[in-house]
Amino acid sequence: MFREFEDRLAVVTGASSGIGLATTRRLLENGARVLAMSRTMGDLDSLRSQYATKLKCMKGDVTKSEDLQTLSDLARQLGQIDYLVPNAGIARLANGMEPSAFEHQWAVNGAGALNTLSAVREQLAKPASVVFIGTFLSQITFPGLAAYIASKSALKAHAKTLAVELAPQGIRINLVSPGPTATAIWSSLGLPADQLSDVAGQVNKRLLSGCFLDPAAVADTVLFLLSSASRGLYGQDLIVDNGYTLQ
Ligand SMILES: NC(=O)c1ccc[n+]([C@@H]2O[C@H](COP(=O)([O-])OP(=O)(O)OC[C@H]3O[C@@H](n4cnc5c(N)ncnc54)[C@H](OP(=O)(O)O)[C@@H]3O)[C@@H](O)[C@H]2O)c1
């Protein structure tokens, strides 16, 4: 699809499942080399056998500075980084009045993403493209997810100003905000199975396609923003949500 990815180096965090895994797969399909990080290997194992020479994986936690240092060291061995997707994220239902819920989720969703950029900043190519992952929920509300939404909204605000600050150095920064996407994050929210099923039913009714997004649909938008096809976009938030926030 995008010839320009051939042999370029991409770094993706949260690559073991869902959107990160789909993004890693799409990058590999388009010829890129990928350095993938997550705490577990998850479903990366199947990609590793298929793309043995192009895919390098490491176990690491974006909240740990020593792991981000290792990521940076590994990347240095592979060359300059053309594309960065700090995608690792968590979502937990919590009392909106509980500050520790924000701290916990910000540590991964916000600080984790920004510290990932910071760790590899000096190794970014010129030009380089960075795509952060926000959420459709920054447009609306979702009781129980105030801390999650706040963590992603703060990341979005941070990313927009960073887009201005880093543009002179050839670093183009944008955000993809996925809508409800069929990944493991929903079952990690902390809802009993029957309630989760009710929530999914209600969410489905607002989706213009009638169903949750496929992670590959989000990955395709990430690749568009990484690619030069989006070269005029700086600090934008592309909401890929099957129309959820339209009504
Ligand atoms: N699915 C949706 O509906 C939706 C909607 C809007 C935004 N998003 C965002 O999309 C991104 C990807 O989520 P997903 O839906 O694909 O969920 P997912 O399948 O649960 O994937 C989350 C990924 O993040 C990794 N991760 C979590 N904590 C980490 C940490 N501390 N360090 C490193 N890796 C970590 C997980 O791997 P390990 O557990 O192996 O570390 C996993 O690979 C997240 O930022 C999420 O907030 C998702």
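Residues numbered from 1 in each chain as written. Predicted model: local features only at pLDDT ≥ 70, side-chain atom pairs only at ≥ 80, totals over all residues.

### A word on the site of the ligand
Thinking step 1. Around the ligand sit 32 residues in total, of which Gly14, Gly18, Arg39, Gly89 and Thr183 are the nearest.
Thinking step 2. Among the secondary structure elements, those contributing two or more residues to the shell around the ligand are helix 1 (18–29) and helix 4 (99–120). (Near = placed C-beta within 6 Å. Helix = DSSP H or I, 4+ residues; strand = E, 2+ residues; numbered from the N terminus.)

### Regarding the sheet that holds strand 5 (residues 124–133)
Thinking step 1. One open sheet accounts for seven strands, arranged 3-2-1-4-5-6-7; its pairing is parallel. Two strands close off the open sheet at either side, each with one partner strand: strand 3 (55–59) and strand 7 (237–240). When strand polarity is set aside, the average angle formed by the axes of neighbouring strands in this sheet is 15°.
Thinking step 2. Taken together, the four bridges between strand 6 (residues 171–178) and strand 7 define a ladder with parallel strand orientation. From the neighbouring strand, Pro178 faces strand 7, where its bridge partner is Val240.
Thinking step 3. Helix 5 (residues 146–166) rests against strand 5, strand 6 and strand 7 of the sheet, and its axis sits at about 160° to strand 6. (Pairing = 2+ DSSP bridges. Axes fitted to C-alpha atoms, helices over the stretch in contact; angles between N-to-C directions. Contact = placed C-beta atoms within 7 Å.)

### Things to note about unusual backbone geometry
Thinking step 1. In the segment running from Lys126 into Pro127, the intervening peptide bond is cis, with an omega of 10°.
Thinking step 2. The phi dihedral of Asp7 falls on the positive side, at around 65°, and the residue is not glycine.
Thinking step 3. Relative to the helices and strands, Asp7 resides in the segment before strand 1 (9–13).
Thinking step 4. Note on Asp7: 10 C-beta atoms within 10 Å, which makes it exposed.
Thinking step 5. Despite not being glycine, Asn242 has its phi angle at roughly 50°, a positive value. (Buried ≥ 20, exposed ≤ 12 C-beta atoms within 10 Å, placed from the backbone.)

Note that every value here comes from positions in space, so none of it alone points to a role or purpose.
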